[in-house]
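A closer look at the structure
Residues per chain, in single letters:
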Amino acid sequence: MGLSALAPLWSSPGLLLVIALHPALSVPTHRDYCVLGAGPAGLQMAYFLQRAGRDYAVFERTQRPGSFFTRYPRHRKLISINKRYTGNANSEFNLRHDWNSLLSHDPRLLFRHYSRAYFPDAHDMVRYLGDFTDTLGLRVLYNTTITHVTLDKDQRAWNGHYFILTDQKGQVHQCSVLLVATGLSVPNQVDFPGSEYVEGYESVSVDPEDFVGQNVLILGRGNSAFETADNILGVTNFIHMLSRSRVRLSWATHYVGDLRAINNGLLDTYQLKSLDGLLESDLTDLAILKDSKGKFHVTLKFFLEEAGTNQSTDSITLPQDDNDNFAMRVPYDRVIRCLGWNFDFSIFNKSLRLNSGNAFGKKYPLIRASYESKGSRGLFVLGTASHSVDYRKSAGGFIHGFRYTARAVHRLLEHRHHGIAWPATELPITQLTSSIVRRVNEASGLYQMFGVLADVVLLKENATAFEYLEEFPLQMVAQLEMLTGRKAQHGLFVIIMEYGRNFSGPDKDVFFDNRSVGQTEDAWQSNFLHPVIYYYRHLPTEQEVRFRPAHWPLPRPTAIHHIVEDFLTDWTAPIGHILPLRRFLENCLDTDLRSFYAESCFLFALTRQKLPPFCQQGYLRMQGLVSTESLRQHRVESWLPRNHAATDSRLEDSSQQPGDHEPLDAPMAPGPLAQSLDSNKEEL
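Definitions and limits used
- Throughout, residues of each chain are indexed from 1 in the direction in which the sequence is written.
- The model is predicted, so local features are restricted to residues of pLDDT at least 70 and side-chain atom pairs to those at 80 or more, both for listing and for counting; the totals for chains, interfaces and linings are taken over all residues.
- Heavy atoms throughout the structure, all of them, feed into the side-chain values; hydrogens and water do not.
- UniProt positions are given in the numbering used here, feature names are shortened, and annotations may be inferred rather than shown by experiment.
- Here, any two strands with at least 2 DSSP bridges between them count as paired.
- Strands are runs of DSSP state E lasting at least two residues, helices are runs of H or I lasting at least four, and both sets are numbered from the N terminus onward.
- Fitting a line to C-alpha atoms yields each axis, with helices limited to the stretch in contact; the angle taken between N-to-C directions then spans 0 to 180 degrees.
- Whether two residues are in contact is decided by their heavy atoms, any of which lying within 4.5 Å being enough.
- The disulfide criterion used throughout: a pair of cysteine sulfur atoms within 2.5 Å.
- Burial classes: relative accessible area under 20% of the type maximum marks a residue as buried, over 50% as exposed, and values in between as partly exposed (1.4 Å probe, protein chains only).

The name an unreviewed UniProt entry assigns to the chain is FAD-dependent oxidoreductase domain-containing protein 2, from the organism Sapajus apella. The UniProt entry for the chain carries the following comment under Cofactor (unreviewed entry): "FAD". Among the UniProt annotations of the chain, the heading Subunit (unreviewed entry) holds the following wording: "Interacts with SEL1L. May interact with OS9 and DNAJC10. Interacts with TXNDC16."

A separate point is the sheet that holds strand S21 (residues 530-536). Pairing within the open sheet is antiparallel, and its six strands lie in the order S17-S19-S18-S20-S21-S22. The two strands at the open ends of the sheet, each matched to only one other strand, are strand S17 (424-428) and strand S22 (559-562). Averaged over all pairs of adjacent strands, the angle between their axes in this sheet comes to 20°, without regard to strand direction. Sheet topology note: the S21/S22 ladder contains four bridges and is antiparallel. Its bridge partner lying in S22, Ile 533 is registered against His 561.

A few words on the sheet that holds strand S10 (residues 238-243). By way of backbone hydrogen bonds, the strands of a sheet pair with one another, either parallel or antiparallel. An order of S8-S14-S9-S10-S11 is seen for the five strands of this open sheet, with the pairing classed as parallel. At either margin of the open sheet sits one strand with a lone partner, and together these are strand S8 (199-200) and strand S11 (277-280). Bridge analysis of strand S9 (residues 215-219) against S10 gives five bridges, and the strand direction is parallel. Bridge pairing in S10 places Asn 215 opposite Phe 238. The strands touched by helix H5 (residues 223-232) within the sheet are S9, S10, S11 and strand S14 (334-337), with S10 carrying the most contacts at an inclination of about 175°.

A few words on the state of the cysteines. Formally, a disulfide is one covalent bond, and it connects the sulfur atom of one cysteine to the sulfur atom of another. Under the criterion given, the structure shown has two disulfides. Note on cysteine connectivity: Cys 34 is disulfide-linked to Cys 175, with sulfurs 1.9 Å apart. Torsion about the S-S bond of the Cys 34 and Cys 175 cystine: about -80°, corresponding to left-handed handedness. On the criterion of sequence distance, the pair formed by Cys 34 in strand S1 (residues 29-36) and Cys 175 in strand S6 (residues 172-180) is long-range, its members being 141 residues apart. On the basis of relative accessibility, which here comes to 0%, the residue Cys 34 falls in the buried class. With a relative accessible area of 0%, Cys 175 lands in the buried category. The disulfide that involves Cys 601 links it to Cys 615, with 2.1 Å between the sulfurs. Measuring handedness by torsion sign, the sulfur bridge of Cys 601 and Cys 615 sits at about -80° and is left-handed. You can see Cys 601 sitting in helix H16 (residues 598-607) and its partner Cys 615 sitting in helix H17 (residues 613-617), a full 14 residues away along the chain. Pair check on accessibility: Cys 601 and Cys 615 agree, each one buried. When the bonded cysteines of the chain are counted from the start of the sequence, the pairing works out to 1-2, 3-4.

Put into structure tokens, the structure is as follows:
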């Protein structure tokens, strides 16, 4: 019924009747933020929105969070590690080896409390996500399936338009910002003659008894294919695995989405000649025929086209008719498709321009390095569906990666719509070395999202202080000032983690002799994951980022420093790690970053025109050591006075208790006691 046909009803009673009969014409429910999907990424974003006190809702089509994990993986074992013990009490460091937990302020919501298994069961993930939602009181609308998403242009809206969501009941929801966390849910299928005979990973039986004594062909070569093969390896006659590309081993590519060791049993049986095998061919060149006995034969599409459509199956030429050594000449009882997943574009109106149209664009939405849609401002893609930013490079398609990219998106939104600048810590320049050392040794976001998220140090005028920003999207560095609300007018350092540039790939031998670099002068040749610091006098431009050298994550810097790789991933060696880093920073800043005793500062004041920053900020200002919480507490416990006046006052008032006359954050005067507390002694 069109609006013109309803015109006679637009009296007050008629209007109420129309609204009652047509929910789509009712006033939509408005929210500032709408999150599609209550999986890990959607819940992670909901947590950040709730902590910030924002108006939001999560729309979930099923009756519980994490519905994907109620069915997948089909054989129930996750490949995300649950390392419960590291020998380290630092919670941030431990997240480097916890690939399942979401970020929150509640230590009870760590996955280690939900499973003791190194590779947990998927049911434990369902239970964990349910508790995460309930414990934190996240606002999720269950049994709400969004069937259509479109735009409504309005200059009053934050982004010049609202997102209009329609659910399965016809209810309309209006959102200022749309956060899509629906994952990849559409099975990837290849159309070729006979593809109708193929069973999908999403529906094939998981009972090994159904495969006893059968010949099985699996199409695909990812973890789902090998997971399926491992489940039936002991009961089949043989398993052949067919794909267009060679197997990609995660230990060679350093990409966690490639084949993991837990699933690669078929590689053993293939290489040790126990009937199973791997084959390479483009699936679009093949065809599958079903004979009169129900067996499946692999042939070339060319033979099928040459025979014509009127020929019976048994009369069509097979490859073994011309070559009796054809690898797949034995018929198969089952053919199983395990080709991965694609994003579901079906609910999004074309006006949102999420799909680029190319082959890669059919798998993932078209987004920027900031995770915002290239076609619709205010639409962000989170979680697995955002993996196009770092596909086959980093961990952005997995919980231990996208929990950090979700936080980055939230920080961008906080600045854009609420005027809250990107969180930063401002410190004196004397703490620059220690700040970088702490982050590269502890930070999980840098470690997991290597080459994608970066820490950024923004220098203040005359390099007397700096602001430290954590986990900023690396490829958006040219727009840093606009996206963060911070100024980069006096130079900056960018800190990232990198593998060696010729160390990762499906054809690489990562176990070769002398693969480890141990000498500091050879640090630039480090192969394993290690910190790299880029120095720029000016913020790189968008053009410089776009046309950076091949295989470089950033434009060519003013200076660059590699901290040599470490077998223990512990970059705290005074000579091998910290000293070269400090000297690099000093060369870039043209200053001395060492810490000194008060006596040295006194001598420098008499003999030098320019004092080291430590002496300028400490000794000459009667502050001694740069104050820390542990030093302040030690001063209180030791009755260490702030100055002589405090000492005299204490002597006059015998009833005074330790610390009565000095606030805990009071600076310490230089002197023998202050010198004895200095843990940063003068270096070489």
